[in-house]
Amino acid sequence: MKLFLLLPLLLGFIPSVKAYSVCVLTSETHPDVTITLKYTGSAGGIGTLNYKNKPALGIDVGIWNGYGGQYYVARSYLPQSLDEEKTYQERTKNTKKIRQGHFMNFVGNQLGRATSKEDRKSGKLRALMPSLSQGYYYSIPLTKDGEFGRQKLSKEMKTIIDATEGFFVDSGGCRKFFPYGWD
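All chains use their own residue numbering, which begins from 1 and follows the written sequence. Reporting in this predicted model follows two pLDDT cut-offs: at least 70 for local features of residues, and 80 or more for side-chain atom pairs to be given and counted; totals over whole chains, interfaces and linings ignore these cut-offs and use all residues. Each side-chain value is derived from all of the structure's non-hydrogen atoms; neither hydrogens nor water enter the calculation.

## Focus on the layout of surface pockets
Line of reasoning, step 1. Site definitions follow a grid-based scheme: protein atoms alone, a 1 Å grid, a 1.4 Å probe that fits but cannot get out for cavities, and for pockets an open set with protein on both sides within 12 Å along at least five of seven lines, plus lining residues having an atom within 4 Å of a point. Grid points are joined across faces, edges and corners, and a volume is the space filled by probe spheres set on the points. Estimated volume of the largest pocket: approximately 170 Å³.
Line of reasoning, step 2. Numbering goes from the N terminus for both helices and strands, where a helix is a DSSP run of H or I of at least four residues and a strand is a run of E of at least two. Broken down by secondary-structure element, the contributors of at least two residues to the lining of the largest pocket are β4 (54-63), α3 (132-139) and α4 (155-164).
Line of reasoning, step 3. The greatest single-element share of the lining of the largest pocket, amounting to four residues, is contributed by β4.
Line of reasoning, step 4. Three categories are distinguished: nonpolar for Ala, Val, Leu, Ile, Met, Phe, Trp, Tyr, Cys and Pro, charged for Asp, Glu, Lys and Arg, and polar for the others, with Gly belonging to the last. Its residues assigned to classes, the lining of the largest pocket comprises seven nonpolar, one polar and two charged.
Line of reasoning, step 5. Considered as a void within the structure, the second largest pocket measures approximately 150 Å³ in volume.
Line of reasoning, step 6. Forming the walls of the second largest pocket are Trp 64, Tyr 67, Gly 69, Gln 70, His 102, Phe 103, Met 104, Asn 105, Leu 111, Arg 113 and Tyr 180.
Line of reasoning, step 7. Residues of the lining of the second largest pocket, tallied by class, amount to six nonpolar, four polar and one charged.

## Looking at empty space enclosed by the protein
Line of reasoning, step 1. Here the structure, examined in full by the defined rule, presents one cavity of 30 Å³ or more.
Line of reasoning, step 2. By volume, the largest cavity is sized at about 50 Å³.
Line of reasoning, step 3. Mapped onto the lining of the largest cavity, the elements with two or more residues apiece are β4 and α2 (88-92).
Line of reasoning, step 4. No other element matches β4, which puts three residues into the lining of the largest cavity.
Line of reasoning, step 5. Per-class residue counts for the lining of the largest cavity are one nonpolar, five polar and three charged.

## Thoughts on the sheet that holds strand β10 (residues 167-170)
Line of reasoning, step 1. On the basis of which strands lie adjacent, the open sheet formed by 10 strands has the order β6-β5-β4-β3-β2-β1-β10-β9-β7-β8 and antiparallel pairing. Edge positions in the sheet fall to β6 (97-102) and β8 (110-111), since each of these pairs with one other strand and no more.
Line of reasoning, step 2. Two strands pair under a simple rule: DSSP has to find at least two bridges between them. When strand β2 (residues 33-41) meets strand β3 (residues 44-51), the two strands line up antiparallel, connected through eight bridges. Bridging from a neighbouring strand, Ile 35 pairs with Leu 49 of β3.

## Details of the state of the cysteines
Line of reasoning, step 1. Note on terminology: disulfide denotes any pair of cysteine sulfur atoms within 2.5 Å. This model, assessed by the stated rule, comprises one disulfide.
Line of reasoning, step 2. Between the sulfur atoms of Cys 23 and its disulfide mate Cys 174 the distance is 1.9 Å. Of note, the bridge from Cys 23 to Cys 174 carries an S-S torsion of about 90° and is right-handed in sense. Residue Cys 23 is found in strand β1 (residues 22-27), and its partner Cys 174 is found in the segment after β10; the two are separated by 151 residues along the sequence.

## Quick notes on the nonpolar core
Line of reasoning, step 1. One finds Leu 25, Leu 37 and Leu 49 to be the most contacted residues of the largest nonpolar core, which totals 30 residues.
Line of reasoning, step 2. Of all the secondary-structure elements, those providing two or more residues to this core are β1, β2, β3, β4, β5 (70-75), β9 (125-128), α3 and α4.
Line of reasoning, step 3. Examining the composition of this core, we find that four residues originate from one element, α4, more than from any other.
Line of reasoning, step 4. Contacts: residue pairs with any heavy atoms within 4.5 Å of one another. With residues up to four places along the chain from it excluded, the contact list for Leu 49 reads Val 33, Thr 34, Ile 35, Lys 54, Pro 55, Ala 56, Leu 57, Ile 59, Leu 132, Ile 160 and Thr 164. We define the nonpolar core as a collection of buried residues of types Ala, Val, Leu, Ile, Met, Phe, Trp, Tyr and Cys that are connected through side-chain atoms lying within 4.5 Å of one another. A simple rule labels every residue: compare its accessible area, found with a 1.4 Å probe on the protein chains alone, to the largest value its type can have, and call it buried under 20%, exposed over 50%, or partly exposed in between.

Structure (C-alpha cells):
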C-alpha cells in the first residue's frame, strides 16, 4: 500500500521525453534544397529551409484563424528560433522577417483544399509557397565589390531561388502538415 502512495512521487523524478514528429520536404527540382519542420500541433511547426543540409532560413508553418488556410513565415535563421520552449516573440526576437504567404497543399496535381471528394485521386503530398522566392531574393543585400549579392548571386542563392519557385514534396513525416490532403 505504501509503495502505491510513493509511486506517483517516484515517477515524478523521471524526466519526460517529448516525441517530436519531423517532416522533410524536398524541392522537386533542386534536391539540395529541403525544408525540415518539427510538428508543434494543429498542422503547424517550426523549422528551417536548408541548402545542402545547412540552414539558410527559419520557417514557421501554421493555419490561419477563421478561414483555415495554411501560411508560412520565412525569417532569417538563428538556432534559438527552433527552441519551442520559448514563445514566438522570444524565438524570433533577433531575426528578420523575410516573407509571409500561403503554404498551399497539393495531392499530386490537385489542390488539397479545393478538390471535391468525388474528384480526388491519390498522389504525393506536395507544398507550394508562391511568394517565397521573391521574398528571399529581396532579402539578399545589393552586391558590393567582389562579393555575392542580389546582382551577383552565388550558386547557393540561385539554387534556393529556383527551388522556392516550385513544389516541395513530402520526403517523410509530413502527413500532419497536410490537413487538406487525403490518403
